[in-house]
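Below are the chains, spelled out letter by letter.
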Amino acid sequence: MKYGFGVDLGGTTVKIAFFDQTGTMLDKWEIPTVTANNGSQILPDIAASVLNYLEDKKISREQIIGIGIGVPGPVDDAGVVNRCGNLGWGVFNVHTALGELTGFPIKAGNDANVAALGEAWKGGAVGCDNMVLATFGTGVGGGIVVNGKPVNGVHGAAGEIGHVVVERDEKEPCTCGKYGCVEMYCSATGVVRLAKRRMAQDQRHSVLREIDNLTCKDVFDAGNRGDALALEVLEQVYTYMGQFLAAVCCVTDPEVVVLGGGVSKAGQPLLEGAKRYFDKYIFHASASIRFALATLGNDAGAYGAFKLILDAQ
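Quick summary incoming for the structure in this document. (Residues numbered from 1 in each chain as written. Predicted model: local features only at pLDDT ≥ 70, side-chain atom pairs only at ≥ 80, totals over all residues. Heavy atoms only, no water.)

### A word on the overall build of the protein chain
Move 1: Secondary structure assignment for the protein chain yields 10 helices and 12 strands.
Move 2: Relative to its length of 313 residues, the protein chain is compact, with a C-alpha radius of gyration of 20 Å against a globular reference of 20 Å.
Move 3: Each principal axis of the C-alpha distribution contributes one length, and for the protein chain these read about 65 × 45 × 35 Å.
Move 4: Counting every position in the protein chain, which comprises 313 residues, the buried fraction comes to 53%.
Move 5: Pairs at least 24 residues apart make up 60% of the contacts formed inside the protein chain by residues separated by at least 6 positions.
Move 6: With an accessible surface of roughly 14,000 Å², the protein chain has 50% of that area assigned to carbon and sulfur atoms.
Move 7: Here the protein chain contributes 27 positive and 34 negative side-chain charges, whose respective centroids are spaced 2 Å apart. (Helix = DSSP H or I, 4+ residues; strand = E, 2+ residues; numbered from the N terminus. Rg over C-alpha atoms; globule rule 2.2 N^0.38 Å. Buried < 20%, exposed > 50% of the residue type's maximum accessible area, 1.4 Å probe, protein only. Contact = heavy atoms within 4.5 Å. Areas by Shrake-Rupley, 256 points an atom, 1.4 Å probe, with all protein chains shown as cover. Lys, Arg positive; Asp, Glu negative; His and termini not counted. Charge placed at Lys NZ, Arg CZ, Asp CG, Glu CD.)

### Observations concerning the packing of aromatic side chains
Move 1: Across all of its chains, the model carries 14 aromatic pairs by this definition.
Move 2: Where Phe-5 meets Phe-18, the ring centres are 5.1 Å apart and the plane angle is 45°; that geometry is what we call tilted. Of the two residues, Phe-5 is situated in strand S1 (residues 3-9) and Phe-18 in strand S2 (residues 13-20); the sequence distance between them amounts to 13 residues. In terms of burial, Phe-5 and Phe-18 fall into one category: buried.
Move 3: Judged by centre distance (6.4 Å) and plane angle (85°), the ring pair of Phe-5 and Trp-29 falls under edge-to-face. In this pair, Phe-5 sits in strand S1 while Trp-29 sits in strand S3 (residues 25-32), placing the two residues 24 residues apart along the sequence. There is no split in this pair, since Phe-5 and Trp-29 are both buried.
Move 4: Taken together, the ring pairs in this structure connect Tyr-3, Phe-5, Phe-18, Trp-29 and Tyr-53 into an aromatic cluster.
Move 5: Between Lys-122 and the ring centre of Trp-121, over which it is positioned, the NZ or CZ distance is 5.0 Å.
Move 6: Above the plane of the ring of Phe-291 lies Lys-275, whose end atom (NZ or CZ) is 5.8 Å from the centre. (Phe/Tyr/Trp six-rings, centres within 6.5 Å; stacked < 30°, edge-to-face > 60°. Lys NZ or Arg CZ within 6 Å of the ring centre and 35° of its normal.)

### A few points about the environment of Gly-260
Move 1: As for its placement among the helices and strands, Gly-260 is situated in strand S11 (residues 256-260).
Move 2: Between the C-alpha atom of Gly-260 and that of Leu-293, which follows or precedes it by 33 residues, the distance is 6.2 Å.

### Remarks on the state of the cysteines
Here, disulfide denotes a covalent bond that connects the sulfur atoms of two cysteines.
Move 1: All chains considered together, the criterion is met by zero disulfides.
Move 2: The cysteine Cys-176 is free of any disulfide, with Cys-181 supplying the nearest cysteine sulfur at 3.7 Å.
Move 3: When its relative accessible area of 38% is taken as the criterion, Cys-176 is described as partly exposed.
Move 4: Unpaired in terms of disulfides, Cys-250 finds its nearest cysteine sulfur in Cys-249, a separation of 7.6 Å.
Move 5: With a relative accessible area of 44%, Cys-250 lands in the partly exposed category. (Disulfide = S-S within 2.5 Å.)

### Some details on the pairing of strand S9 (residues 140-146)
Move 1: Here S9 lies mainly inside the structure; six of its seven residues are buried.
Move 2: Both strand S8 (residues 131-136) and S9 contribute to a ladder of six bridges, which runs antiparallel. Residue pairing in the sheet places Val-132 in a bridge with Ile-144 of S9.
Move 3: Linkage of S8 to S9, two consecutive antiparallel strands, is achieved through a turn of three residues.
Move 4: In textbook terms, the turn of a hairpin is the stretch between consecutive antiparallel strands, and for S9 and strand S10 (residues 149-150) this stretch comprises two residues, one of which, Asn-147, has a positive phi near 50°. (Pairing = 2+ DSSP bridges.)

### Details of the sheet that holds strand S7 (residues 106-110)
Move 1: In space, the five strands of this open sheet follow the order S3-S2-S1-S4-S7, with mixed pairing throughout. Each end of this open sheet is capped by a strand with a single partner; those strands are S3 and S7. Neighbour-to-neighbour, the strand axes of this sheet turn through a mean angle of 15°, independent of strand direction.
Move 2: As judged from the seven bridges shared by S2 and S3, these two strands associate in the antiparallel manner. Of the residues in S3, the one forming a bridge with Val-14 is Ile-31.
Move 3: Where helix H2 (residues 42-57) meets the sheet, it contacts S1, S2, S3 and strand S4 (64-71), and its direction lies at approximately 140° from that of S3. (Axes fitted to C-alpha atoms, helices over the stretch in contact; angles between N-to-C directions.)

### Points about the sheet that holds strand S12 (residues 290-293)
Move 1: Taken in spatial order, the five strands of this open sheet run S10-S9-S8-S11-S12, and their pairing is mixed. Whereas interior strands pair on both sides, the edge strands pair on one side only; in this sheet they are S10 and S12.
Move 2: Lying on the sheet, helix H8 (residues 228-252) is in contact with S8, S9, S11 and S12; it crosses S8 at an angle near 150°.

### Remarks on the pattern of salt bridges
Move 1: A full pass over the atoms with the stated rule returns 12 salt bridges.
Move 2: Salt-bridge contacts for Glu-170 lead to Arg-197; the nearest nitrogen and oxygen are separated by 2.7 Å. Here Glu-170, found in the loop between S10 and helix H5 (183-186), pairs with Arg-197, found in helix H6 (residues 188-201); they are 27 residues apart in sequence, far enough to count as distant.
Move 3: For Glu-170, a relative accessible area of 10% puts it in the buried group.
Move 4: Given a relative accessible area of 27%, Arg-197 falls into the partly exposed group.
Move 5: Glu-232 is the partner of Arg-204 in a salt bridge, and the nearest nitrogen-oxygen pair spans 2.7 Å. Taken together, the positions of Arg-204 in the loop between H6 and helix H7 (216-224) and Glu-232 in helix H8 put the pair 28 residues apart, joining distant regions of the chain.
Move 6: Residue classification places Arg-204 among the partly exposed residues on the basis of a relative accessible area of 33%.
Move 7: Owing to a relative accessible area of 33%, Glu-232 belongs among the partly exposed residues under this scheme. (Salt bridge = Lys/Arg side-chain N within 4 Å of Asp/Glu carboxyl O.)

See below:
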């Protein structure tokens, strides 16, 4: 039996999983992401953790296919990372650097694209070679899989769907520096932003006014209880969400759109709300595209990373 590792590199922790060649996750663990000194210790820490695991489990190097890794930044097909701000990384080749530290073949990809590959392989889009993953969390991210392969683009920046502009008249800048990105309205922080704006403009009673430190979950909970103001905010969220996903799918024409991230925990109301506006805006030939919820949670990146190295054989 052959084995390999899938690594999901985040700004706080590194998730490492051990797989057999069929894609069965046999073990997983985390190590801290040490970003001091421009992240110079990150890859050596990953290498040490992987090699120590093999030694502890008495698994020979000859049984290892390699290591796949998802990185929070643009990565091209050759493994060159073009700056990862939250890690302190500049421009260098991850394949070469991690390969020299471990002696194993390496395959790297952008973390969101890798997570999309994981959901396509073993998650909410299992069996689909063409899919879009949209993650609604602190920000809005995503990944695109076409013919079973993640789409990276020339600059490793394909799938940055959170920065599709949906509101031309926005006055407040997005974290990316542009104005009116969908991330400003459909992320967890975006939902709260819309709720606060609505409360400032509309003096009607709402349970949202009674909540200190308002959260995205509070808005969905209030909507589920029939709070009129919250329902109007959510309708606005669904409008933006459906509109931008329709735009993405006019380009990619996937079989399924998978919704993930913390906001997706709202479940069926989110699916139905977004799909209602998606159906309004989608090109007629793509009208059969279905929506599904992500199922792999925090493991999506590890599954996708291992699939990268598996496919590279």
